[in-house]
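# Per-entry structural report
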Amino acid sequence: MEATEYKGYKGKALSLLKSFGVSVWSEVKIKANGNEIVGIILPRSEIADDSHIVVKLRSGYNIGISVEKITSIEFIERVEHHQVLQKQEVPFDPDKPNVKLISTGGTIASRMNYRTGAVVPAFEPEELYAFVPKLFDYCNLTTQKLYSVLSEDIGPEEWMGIASAVASDIEAGYEGIVIGHGTDTMHYTSALLSFIIQNPPIPIVLVGSQRSSDRPASDAPLNLIHSVKVAAESDIAEVSVCALGPTSDNYGLLHRGTRVRKMHSSHRSTFRTIGDIPLAIVKADEIRTLRKDYNKRRKDRQFNFQLAFEEKVALIYYYPNMKPDIIDALVDNGYRGIVIAGTGLGHVNRQIYPALKRATDSRVVVFMTVQTLWGYVQMYVYETGRNIMELGVVPGANMLPEVAYMKLCWVLGRTNKPEEIKEIMLTPIAGEITEREPIDAYLIFQGGIPEIDDWLKQISKNF
Amino acid sequence: MFKDFGEITENDYRAIGFRAGLEIHQQLDTRQKLFCRCPAPHPPYDDFFHIEIARTLRPALSELGEIDPSILMEFKSQKKIIYKINRDTICTYELDQSPPFEINQDALDIAIYYCLKFNAKIVDEIYVCRKYHLDGSIPSGYQRTAMIGLQGFYEFKGKKIHFPEITLEEDAAREISDKYHIREYFTDRLGIPLIEIVTEPAFTSPQEVKEFAEAIRNEFLATGEVRKGSGTLRMDLNISINGSERCEIKGVDKISKIPILGYNEALRQWNLLRLRDALHTRNITPENFKATVYDLHNVLKHTFFYPIQQAIKNNGEVYCIKLPNWAGFLKWPTQRYTTFAQEISERVKVIACLTDYPNIIVSDIIDNTISREEIDKTKKFIGATSNDGFVIVWGPPEDVQIAIEEIKNRAYEATIGVPPESRRALPEGTTAFERVLPGPQRMYPDTDLPHINISKSRVERLRLRLKESYSDRVKWCEAFGFPPSAIKRICTSDRYLLIKELVEKFRIHPNFIVRIFLEYLPFLEKRGLKTKVLTNEQIRTIFAMYSKGEILRTGVFTAIEFAMRGECDKIPSHLRPATNDELEQAYNQAVEFLSQNRIYHNEKRAEILTGYIMRMLRGRVEGKTVKEFVAQKLEKENGSN
């Protein structure tokens, strides 16, 4: 009880509160240095010092008052902070498709508690309906809170759990599945799911938001609308990621789950398809496919479910002057697979050759990908590459480093026969390796070029 | 009866219970913006932009299930917002694509400084909060703001005007247009640090507000830590009278307009209260308010009234709202030269986005719109008698439905009194509806930034920076005999402290100060030289030389010009006072020059000789001295002839 009554307060501040018999969530009148301040005592951050009390004033502003200055605290009344979220009865339409929305964490739908300032998930269908009623124009939405992890903490337990939940939802007859996920590692999860759930009959869309949904300019509502529309109506039966396209709010993009990557730490249009073009442009009232080569929606419930995972796989980012001990340490610690993001066409320095040989000799499989993200691994062109291949390192075509890592985890969970491993790794299952790189697969425009600036100026608000 | 603007007095305002408070937003003079490292541009802003981006803002509904009324309004109007962006002053932070950077410490210093100046208590731990604005003026949908000082005050005309809260916040974008469902903004101003001071409703007349605003502005100007120029100081006026709700007038950027704005708002509120009473007399009350809606499409589908004709052509609709027993009330006067119909029309414009005027027709003011015949047909169709009022509205179907709701709302509100509104100040001194007054501020803590501790030593350092108040400066000027017309400019000058030093330490005469700082420097500016180049150190040195007699009074002018041209090496070498011999020599040269040129008017000789010598000995001899010298010389010559 005490823990929450004085949440975050310690030392001098805690003694002060106790001495006046007031706790967190009390509205009080504080006398400090000749001033009278009326406000609500708020919880304090655990990492802050013990010499201040945090108060929310009637105007809504928060301030911190130094404990030393306080001469008295008079209790006025206790403030109830009920987290009653508005719920509205959800409409059901038997003619509309049934879509499942699974949450694994992240704040794709949440509310800000006015009193505490804490962000509270708002995830029941009733809450979603109050938040974005438009979702129910497309389908009947059922929700499930599967996990509540920060996406950087996600691991095999969650991955296997998500895959199993998706599998059973497909079997249960849902016509589309949306998975709410933190954006930091969404592309890892989308890649892995593409390998575990092959040939799905329905769309499986991962969605997140870069700006928490309690903010007015949050991308959450739009992302939700776009992803639910895809899940309910589109015929793109693949594992995909849906996020905003441009800086304006004009449309979202649907990216194939094995070719998508988060490319900016905070920008809303952070996800991009690398080495190819996206699947579709999505708006609230339109899905415009950009290509024809995707798995189409089917009425049957067949799909290839291959649940497997090996934890002892490492993804390492090569850097000049990398020493062999890094690789040796992996081998000595029982790692079964290593994916290297090499420089250029897939290169590493000579120093680590012996360590790589030692690894492959110890039946550790080593695959090469490129740090540059775009382009193929091509290890014949330079002697370096040929030497590295001779050590047993396998070129990973144009798999993204993160995707190769997830695929290797999955493959090593299924078999330990080297030839089989190599064959499965290098056989594309869901677009993680493409046969060709079209000319519009690498389009990174440089800012500041006059022609680019002119063109941007013309199209930007409609782009 | 409400007097004319020219005749109303402070007592009249007091009699109707006029109360006003002021909210002052002053931009601070920092190099960079408040939460990012973009340069903070100075006005005047140009209209250049590199790209435009389009956004829509969604209201984040309250977790208590309540919908803040101003948010509901914005949601109804469904605006698409276009931001015009200049890459040199906007980064990903302003576009809500990156989290905030650490708060600008210079801005924080200036904010603390002003809190000290206005006797406010500095907050020990500062928390940045978010204040939600959904009109589009901030791309992220909220303004980051922090409370810096509490319970300050300012002495004005013998009373203490209280400033309960002084905050530091980021400025919003500048609206350029708002038509139909598109609102456009320039973003140059976005993110510039602002200090906001809110007063209690302590003023009892618009004139008093104006004088107070001037006093505060002079205090700001006197300290030099604020930006100067148009739009850098903006004020909101909160006004109520006995029996009315508080209304806010936003965007007052000329202090001189405060009296007329205050007058019109008081008049509007007073008129609305009388309208309510008149409605009640006719038994139209909130409880039995009625309004019925009719589809006029068939009645007016062939009208020649252009707006309706166009609407119908574009598949729009036209509706009529009948207000039983309302005859005469729709033309009830509100502000000067406007009527109640205007109140309805503004709601329709802002909320239903029917932005082309005229957007309604009211029964009381129906001449020159639809034809006589159509009026009669309409009345018959809706069953209206001569006691009834009606409002006709037209436009795209969705917008018209919203308009109908707003027309009914506004008419209903008239039966209650003065609805609480946020109104926009217009150039001619009237106001127009801008939005419904927001409910209790939606303020949330900003979890993207840590709190800031303000150390005692920082406060003390800033306290030492406190300069005299503006009123103290005025007293000083008066004591030293500055001409009254020059006092304000001297007191608000950037160089005030320097001037003080010159007068007190070097004993420079105030008239000379005025001549140099208020006349000569602007004169040189007009000729293309930049006063900014002239440092205080340079000015001080020049005057020091003058006070020691190293240069003459006329030399001061020339020295200043040299300094502004970057020719400081000529000071004082080129300005040594001329000796008598040099004067003689110059005279002879002048005579030589004259003899080589034919002069037709003999009386001009003196003038020409004087001019020649002045040019030769520029800055080294007083004009009076030369004139006398030449006159003497010529007299001698004439005498000897």
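Whatever comes next refers back to the structure up there.
All values derive from a computational prediction rather than experimental measurement. (Residues numbered from 1 in each chain as written. Chains lettered and ligands numbered in written order. Predicted model: local features only at pLDDT ≥ 70, side-chain atom pairs only at ≥ 80, totals over all residues. Heavy atoms only, no water.)

### Structural notes on unusual backbone geometry
Applied cut-off: Helical segments are the DSSP runs of H or I of at least four residues, strand segments are the runs of E of at least two, and each set is numbered from the N terminus. The rule is simple: take the accessible area with a 1.4 Å probe, protein chains only, and divide by the maximum for that residue type; under 20% is buried, over 50% is exposed, in between is partly exposed.
Residue B:P43 is joined to B:P44 through a cis peptide bond whose omega torsion reads 0°. Along the chain, B:P44 falls in the loop between β1 (19–27) and β2 (51–55). Following B:Y357, the chain continues to B:P358 via a peptide bond in cis, the omega torsion being -5°. One non-glycine residue, A:W25, lies in the positive phi region at around 75°. Under the relative-accessibility criterion, A:W25 is labelled buried at 7%. One non-glycine residue, B:D96, lies in the positive phi region at around 60°. Considering the arrangement of structural elements, one finds B:D96 in the loop between β3 (80–85) and α3 (105–117).

### Looking at the packing of aromatic side chains
Definition in use: Classification of ring pairs rests on two measures: the distance between centres of Phe, Tyr or Trp rings, Trp counted by its six-membered ring, which must be within 6.5 Å, and the angle between planes, read as stacked under 30 degrees, edge-to-face over 60 and tilted in between. Here, a charge over a ring is recorded when the distance from Lys NZ or Arg CZ to the ring centre is within 6 Å and its angle to the ring normal is within 35 degrees.
Overall, the coordinates contain 41 aromatic pairs over all chains when judged by the stated rule. With centroids separated by 6.0 Å and ring planes inclined at 90°, the aromatic side chains of B:W326 and B:F329 adopt a geometry described as edge-to-face. Overall, the relative accessible area of 0% leaves B:W326 in the buried class. The exposure class of B:F329 is buried, given its relative accessible area of 4%. Note on B:Y520 and B:F557: the rings are 4.8 Å apart at their centroids and 80° apart in plane angle, and the pair reads as edge-to-face. Taken as a pair, B:Y520 in helix α15 (residues 510–526) and B:F557 in helix α17 (residues 553–564) lie far apart in primary sequence, 37 residues in all. When sorted by exposure, B:Y520 lands in the same class as B:F557, which is buried. Above the ring of A:Y294, the side-chain terminus of A:K296 is found at 4.3 Å from the ring centroid. Taking NZ or CZ as reference, B:R553 lies 4.1 Å from the ring centre of B:F512, over its face.

### Details of the state of the cysteines
Simply put, the disulfide is a covalent bond whose two ends are the sulfur atoms of two cysteines. Residue and element names in this part refer to chain B. Under the convention used in this document: Two cysteine sulfur atoms make up a disulfide if the distance between them is within 2.5 Å.
Evaluation of the coordinates by the stated rule reveals 0 disulfides over all chains. No disulfide involves C36; its nearest neighbouring cysteine sulfur is the one of C38, lying 3.7 Å away. By relative accessible area, which is 0% here, C36 ends up buried. The thiol of C491 is not disulfide-bonded; the next cysteine sulfur, from C477, is found 3.6 Å away.

### So, the interface of chain A and chain B
Cut-off, in case you're wondering: A contact between two residues is defined here by any heavy atoms of the two lying within 4.5 Å. Using a 1.4 Å probe, buried area is obtained as the accessible area two parts lose upon being combined, added over both of them. Here, a salt bridge means any side-chain nitrogen of Lys or Arg that lies within 4 Å of a carboxyl oxygen of Asp or Glu. Identification of polar contacts relies on pairs of N or O atoms within 3.5 Å, with a donor-acceptor requirement for protein atoms, meaning one able to donate a hydrogen and the other able to accept it, and with residues adjacent in sequence counted only if both atoms are side-chain atoms.
The interface of chain A with chain B comprises 57 residues on the first partner and 61 residues on the second. For the pair chain A and chain B, the two sides together bury roughly 4700 Å², of which 50% comes from carbon and sulfur. The interface formed by chain A and chain B holds 7 salt bridges in total. With a closest N to O distance of 2.6 Å, B:D124 and A:K69 form a salt bridge. Here chain A and chain B share 31 residue pairs in polar contact (both at pLDDT 80 or more) between them. Elements that contribute at least two residues to the side of chain A that touches chain B include exactly β2 (35–41), β3 (52–57), β4 (62–66), β7 (110–112), α3 (125–131), α7 (220–233) and α13 (450–459) of chain A. At 5 residues, the largest contribution of residues to the side of chain A that touches chain B is made by β4(A).

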